[in-house]
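Letter by letter, the chains look like this.
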Amino acid sequence: MILNASDLGWDESSGAEPLFPADQLDSPPPYEVPPLTVWGVALCVSGTLIAAENAIVVTTILATPSLRAPVFLLLASLGLADLLAGVALILHFLFLFCVEPNDWSELLTSGLLVTSLTASLCSLMGVALDRYLSLSHALTYGSGQSRRRAAILLLLVWLGAGVIGAGPAMGWHCLEEPNSCSVARPLTRTYLSLLCGGFLVVVVVTLQLYAGICRVARRHAHAIATQRHFLPSNQPYASKHSSGRGFSRLILVLSVFVGCWMPFSLWGLLGDASSPPLYTYATLVPAAGSSLLNPILYSLRNKDIRKVLLNACCPHRYSHSTHIHYPVDV
């Protein structure tokens with residue numbers, strides 16, 4: 001049936017606007033933004049908290065000339081990676097609930113999230129490596145050569161993370177072939193399997209480094225006890241209390257590290273496009289949540305960073321000190 005002007009509900013004599021203008025008959029209907037959900041609010045709030053928290057850490061380290069040791073460069077890299085993860089979550093929220101999404105928005109957010117998570121995980125491995133070297137090479141720790149090595153390591157980390165994160169934009173996506181999708185659209189199953197396999201390798205290496213830290217610390221404690229032959233009467237409790245507290249901190253750090261990264265790494269290898277999306281969210285949330293916990297576990301717990309922050313917040317109460325402790329707390 002052919003429609004004319006009167007059929008479209010347009011009466012020239014009444015001066016009313018046409019319900020369906022003739023030049024828009026063949027155009028697609030306007031995009032309707034989906035209603036805001038609890039998941040959307042949580043996504044926006046968590047991304048904002050992650051970005052703000054890590055922005056404070058990165059600004060504090062970069063704005064303080066005394067914080068230039070290798071460990072602080074690694075913590076700044078970790079904070080920058082987690083900051084980008086927060087920005088990626090905010091962009092995902094905007095593309096999902098505020099503007100019309102398209103293929104490039106999906107590729108942008110997924111690529112940025114892959115880059116940030118890769119850099120964050122590799123920076124965590126770098127922090128573990130720094131702690132191991134600071135114990136096994138305590139005499140040369142913090143030298144100019146160590147800083148140069150840390151800078152080269154971070155450059156390689158970010159170059160590698162950038163190349164890996166550019167995979168979706170370079171064609172490693174399933175937008176044109178939905179059957180090849182992984183549990184995390186628009187990443188292909190092959191791409192995500194390689195990515196999660198690499199994550200597992202980094203997790204295993206990091207755990208080996210922390211095991212090496214425990215061995216070196218045990219040797220140091222044995223050497224000190226051998227040299228002293230005995231401790232004063234008031235020292236055994238303090239020594240045991242300090243060792244127990246350090247071991248508890250190490251267990252906490254490792255538990256959070258494994259608990260955040262292991263579920264998604266295994267699910268990315270085992271799941272496919274037909275798997276329930278709820279499982280993907282349940283495993284991806286802890287991985288993204290690590291970006292919220294990392295500043296607390298690694299940066300804000302450091303005495304020197306806390307001292308700079310307290311001095312910036314209350315300059316009249318806390319005196320500024322440039323003395324730096326090496327290595328960082330475990």
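Definitions and cut-offs
Residues numbered from 1 in each chain as written. Predicted model: local features only at pLDDT ≥ 70, side-chain atom pairs only at ≥ 80, totals over all residues. Heavy atoms only, no water. UniProt positions renumbered as here; feature names shortened; annotations may be inferred. Disulfide = S-S within 2.5 Å. Buried < 20%, exposed > 50% of the residue type's maximum accessible area, 1.4 Å probe, protein only. Core = buried A, V, L, I, M, F, W, Y, C linked by side-chain atoms within 4.5 Å. Helix = DSSP H or I, 4+ residues; strand = E, 2+ residues; numbered from the N terminus. Contact = heavy atoms within 4.5 Å. Salt bridge = Lys/Arg side-chain N within 4 Å of Asp/Glu carboxyl O. Patch = residues over 30% accessible without salt bridge, like charges linked within 9 Å, V, L, I, M, F, W, Y side chains within 5 Å. Areas by Shrake-Rupley, 256 points an atom, 1.4 Å probe, with all protein chains shown as cover. Expected span 1.5 Å × (residues − 1). Bend = angle between axes of the 7 residues up to and from the residue. Phe/Tyr/Trp six-rings, centres within 6.5 Å; stacked < 30°, edge-to-face > 60°. Axes fitted to C-alpha atoms, helices over the stretch in contact; angles between N-to-C directions. Parallel < 35°, antiparallel > 145°, perpendicular 65-115°, else oblique. Nonpolar A, V, L, I, M, F, W, Y, C, P; charged D, E, K, R; others polar. Left-handed = near helix turned anticlockwise from the far one by under 90°.

The name an unreviewed UniProt entry assigns to the protein is G-protein coupled receptors family 1 profile domain-containing protein, from the organism Amphiprion ocellaris. Looking at the protein in UniProt, the text filed under Subcellular location (unreviewed entry) is "Cell membrane".

Trainee: Can you break down the state of the cysteines residue by residue, with the values?
Mentor: Under the criterion given, the structure shown has one disulfide. Across a sulfur-sulfur distance of 1.9 Å, C174 and C181 are joined as a disulfide pair. Taking the sign of the S-S torsion, 95° for the link of C174 and C181, the bridge is right-handed. C98 supplies the cysteine sulfur nearest to C44, a cysteine that is in no disulfide, at a spacing of 7.7 Å. Residue classification places C44 among the partly exposed residues on the basis of a relative accessible area of 23%.

Trainee: Quick rundown of the nonpolar core? Include the residues and the values.
Mentor: Counting residues in hydrophobic clusters, the biggest one holds 47 residues, and the most contacted among them are I61, F72, L75, L192, Y210, W261 and Y298. Going through the elements one at a time, α1 (38-62), α2 (70-97), α3 (103-136), α5 (189-228), α6 (235-270), α7 (277-299) and α8 (303-313) are the ones with two or more residues in this core. What L192 contacts, discounting residues up to four positions off in sequence, is S182, V183, A184, L187, F264 and G268. With five residues, the next largest nonpolar core counts L43, I50, L89 and F97 among its residues.

Trainee: Please provide a residue-by-residue account of the pattern of salt bridges, values included.
Mentor: Summed over all chains, the structure comprises one salt bridge. Between E106 and R185 there is a salt bridge; the shortest N-O distance is 2.6 Å. Of the two residues, E106 is situated in helix α3 and R185 in the loop between α4 (144-165) and α5; the sequence distance between them amounts to 79 residues.

Trainee: Account for a nonpolar patch on the surface, naming residues and giving values.
Mentor: A cluster of nonpolar side chains, contributed by L36, V41, V45, L49, L292, L293 and I296, occupies part of the molecular surface with about 570 Å² of accessible area. Broken down by secondary-structure element, the contributors of at least two residues to the nonpolar patch are α1 and α7. For L49, the location among the structural elements is in helix α1. Residue class for L49 comes out partly exposed when judged on its relative accessible area of 48%.

Trainee: Before we move on, can you summarise the environment of P178 with the specific residues and values?
Mentor: Assignment of secondary structure puts P178 in the loop between α4 and α5. The spatial distance from the C-alpha of P178 to the C-alpha of A273 is 8.2 Å, given a sequence separation of 95 residues.

Trainee: Talk me through α7; I want residue IDs and the actual numbers.
Mentor: For α7, with 23 residues, the first-to-last C-alpha span of 33 Å sits near the 33 Å given by 1.5 Å per residue. At L293, α7 shows its strongest bend, of approximately 45°, with the proline P295 following within four residues. Within α7, burial applies to T280, T283, A287, A288, S290, S291, N294, P295, L297, Y298 and S299.

Trainee: Give a description of the UniProt feature "transmembrane region" (unreviewed entry) in the protein that names residues and reports values.
Mentor: Within this numbering scheme, the UniProt entry marks residues 38-64, 71-95, 107-129, 150-171, 191-211, 250-269 and 281-300 as carrying the feature "transmembrane region" (unreviewed entry). With 100% helix and 0% strand, residues 250-269 has its two end C-alpha atoms placed 28 Å apart. Structurally, residues 281-300 is divided into 95% helix and 0% strand, and its ends, taken at the C-alpha atoms, are 28 Å apart.

Trainee: Talk me through the packing of aromatic side chains; I want residue IDs and the actual numbers.
Mentor: Enumeration over the complete set of coordinates arrives at four aromatic pairs. For the pair W267 and Y279, a centre-to-centre distance of 5.6 Å together with 85° between the ring planes defines the contact as edge-to-face. Taken together, the residues W267 in helix α6 and Y279 in helix α7 connect sequence positions 12 residues apart.

Trainee: A description of the packing of α1 against α8 should follow, citing residues and the corresponding values.
Mentor: Relative orientation and spacing of two packed helices are given, respectively, by the angle between their axes and the distance between those axes. As a packed pair, α1 and α8 sit with axes 10 Å apart at the nearest point and diverge in direction by 95°. Taken together, the axes of α1 and α8 lie roughly perpendicular to each other. Here I56, T60 and I61 of α1 come into contact with α8, specifically with I305, V308 and L309. Class assignment for the residues of the contact of α1 with α8 results in five nonpolar, one polar and no charged.

Trainee: Quick rundown of the packing of α2 against α3? Include the residues and the values.
Mentor: In the contact formed by α2 and α3, the axes pass within 8 Å of each other and the chain directions differ by 160°. When the axes of α2 and α3 are compared, the pair comes out roughly antiparallel. When the axes of α2 and α3 are compared, the crossing they make is left-handed. Broken down by class, the residue content of the contact of α2 with α3 amounts to 18 nonpolar, eight polar and two charged.

Trainee: Hey, could you go over the side chain of S116 for me, with residue numbers and the actual values?
Mentor: With respect to the helices and strands, S116 occurs in helix α3. Using a relative accessible area of 1% as the deciding quantity, one classes S116 as buried. Other than its neighbours up to four places away in sequence, S116 contacts A81, L84 and A85.

Trainee: Before we move on, could you go through the side chain of T206 and cite the residues and values that matter?
Mentor: Along the polypeptide, T206 turns up in helix α5. Contacts of T206, omitting those with residues within four sequence positions, involve L124, M125, A128 and F257.

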